[in-house]
Amino acid sequence: MSKCKCASIPFRFEPHRERADAETMIARYASDPTKTTEDRSAAIFSRIARHESGHIVASLAHGKQVDYATVGNGNPHVSHKFTSGEMTVDALALIHVAGLVAEGSPAPTWGHVHELLFSARERDGGICDLCRLADLVVSCTPDMPNREQINRVYDCFQTCADLFRSPAWSGALAALASALEERTLLRGAEIASIVAPFNLSAPLKSISPIWTNAS
């Protein structure tokens, strides 16, 4: 089976304030080759800002302490204390998929999820959100049949989409994405100020467990 393409992208976890050049971002993240360089670059930063903001929203909703978020230097990411807040597999899985759901990407194909789970079992996965999700699922539900694991992954995407339709999550996402796209780097205090009007944990009360017996 082929490796996830994330394995070929160098990555550094640092609070970057400067953006990478348009050519670098297009080579790594562009999905529409028909647009101009300027249009594609602007669209990429807008999409990535929503992606990282999605991770922030899900993280804060589950009590995670966010240090910073950046879309700079071609290495967009959110840094938080991963051991803070809720540590159930449901919480961590929702945080992993929140970026993809927030940016509007479709759920991965059945075959792709199967490949990712296989790579995770072989300890040959990458560092992208889906690879981390696969590693989490394999590690936390080792006795669950493969087909059931895949079904639960799709349940996770659907649940996350439902959460982002709530006023709290959608409002916080819009506010954070706008600020992150404009400033490139947001520190924890800035993030806390932006999301202060939104009760991010409240929508979690309306969802059903995904991996009921996993923790």
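For the structure, check the block above.
Residues numbered from 1 in each chain as written. Predicted model: local features only at pLDDT ≥ 70, side-chain atom pairs only at ≥ 80, totals over all residues. Heavy atoms only, no water.

Draft legend 1. Fine view of empty space enclosed by the protein. This structure, assessed with the given rule, holds 1 cavity of 30 Å³ or more. The computed volume of the largest cavity comes to approximately 40 Å³. What lines the largest cavity is simply Val-113, Leu-116, Leu-117, Leu-130, Leu-133, Ala-134 and Val-153. Only α4 (110–121) and α5 (129–140) provide two or more residues apiece to the lining of the largest cavity. (1 Å grid on protein atoms, 1.4 Å probe; cavity = no way out; pocket = protein on both sides within 12 Å on 5 of 7 lines; lining within 4 Å. Points joined across faces, edges and corners; volume = space filled by probe spheres on them. Helix = DSSP H or I, 4+ residues; strand = E, 2+ residues; numbered from the N terminus.)

Draft legend 2. Region of the structure containing the packing of aromatic side chains. Scanning the entire structure with this criterion turns up 1 aromatic pair. Ring plane angle 70° and centroid distance 5.0 Å describe the contact between Phe-164 and Trp-169, whose orientation is recorded as edge-to-face. Grouping residues by exposure puts Phe-164 and Trp-169 together as buried. Lying across the ring of Phe-45, Arg-19 places its NZ or CZ 4.0 Å from the centre. (Phe/Tyr/Trp six-rings, centres within 6.5 Å; stacked < 30°, edge-to-face > 60°. Buried < 20%, exposed > 50% of the residue type's maximum accessible area, 1.4 Å probe, protein only. Lys NZ or Arg CZ within 6 Å of the ring centre and 35° of its normal.)

Draft legend 3. View of the layout of surface pockets. If you add up the space inside the second largest pocket, you get close to 160 Å³. In terms of lining, the second largest pocket is formed by His-62, Glu-86, Thr-88, Asp-90, Leu-94, Thr-159, Leu-204, Ile-207, Ser-208, Pro-209 and Ile-210. Its residues assigned to classes, the lining of the second largest pocket comprises 5 nonpolar, 4 polar and 2 charged. (Nonpolar A, V, L, I, M, F, W, Y, C, P; charged D, E, K, R; others polar.)

Draft legend 4. Geometry of the environment of Gly-99. Relative to the helices and strands, Gly-99 resides in helix α3 (residues 89–103). Relative accessible area serves as the criterion here: at 0%, Gly-99 is assigned to the buried category. Placed 98 residues apart in sequence, Gly-99 and Pro-197 show a C-alpha to C-alpha distance of 21 Å. In this view, Gly-99 contacts His-51, Gly-54 and His-55; residues no more than four positions away in its chain are not counted. (Contact = heavy atoms within 4.5 Å.)

Draft legend 5. View of unusual backbone geometry. Not every positive phi belongs to a glycine, and Asn-73 is a case in point at roughly 55°. Residue placement: Asn-73 occurs in the loop between β1 (65–70) and β2 (77–81). The residue Thr-184 is not glycine, and still its phi comes out positive at about 75°. Structurally, Thr-184 is set in the loop between α7 (167–183) and β3 (185–187). On the basis of relative accessibility, which here comes to 6%, the residue Thr-184 falls in the buried class.

Draft legend 6. Region of the structure containing the pairing of β2. Bridging between β1 and β2 involves 5 bridges; their strand directions are antiparallel. Within the sheet, the bridge partner assigned to Tyr-68 lies in β2 and is Ser-79. The hairpin formed by β1 and β2 contains 6 residues between the paired strands, and Asn-73 there has a positive phi angle of roughly 55°. (Pairing = 2+ DSSP bridges.)

Draft legend 7. Summary view of α3. Helix length check: α3 (15 residues) gives 22 Å between terminal C-alpha atoms against 21 Å at 1.5 Å per residue, within 8%. Maximum bend of α3: about 40°, positioned at Val-97. The buried count for α3 comes to 15 of 15 residues, which makes it a mostly enclosed element. Taken from the residues just after α3, Gly-104 is the one with a positive phi, measuring 90°. (Expected span 1.5 Å × (residues − 1). Bend = angle between axes of the 7 residues up to and from the residue.)

Draft legend 8. Summary view of the state of the cysteines. Going through the model one piece at a time under the given rule, you end up with 0 disulfides. Lacking any disulfide linkage, Cys-140 is separated from the closest cysteine sulfur, that of Cys-156, by 12 Å. With relative accessibility at 27%, the residue Cys-140 sits in the partly exposed group. (Disulfide = S-S within 2.5 Å.)

Don't take any of this as a statement about function, it's just geometry.
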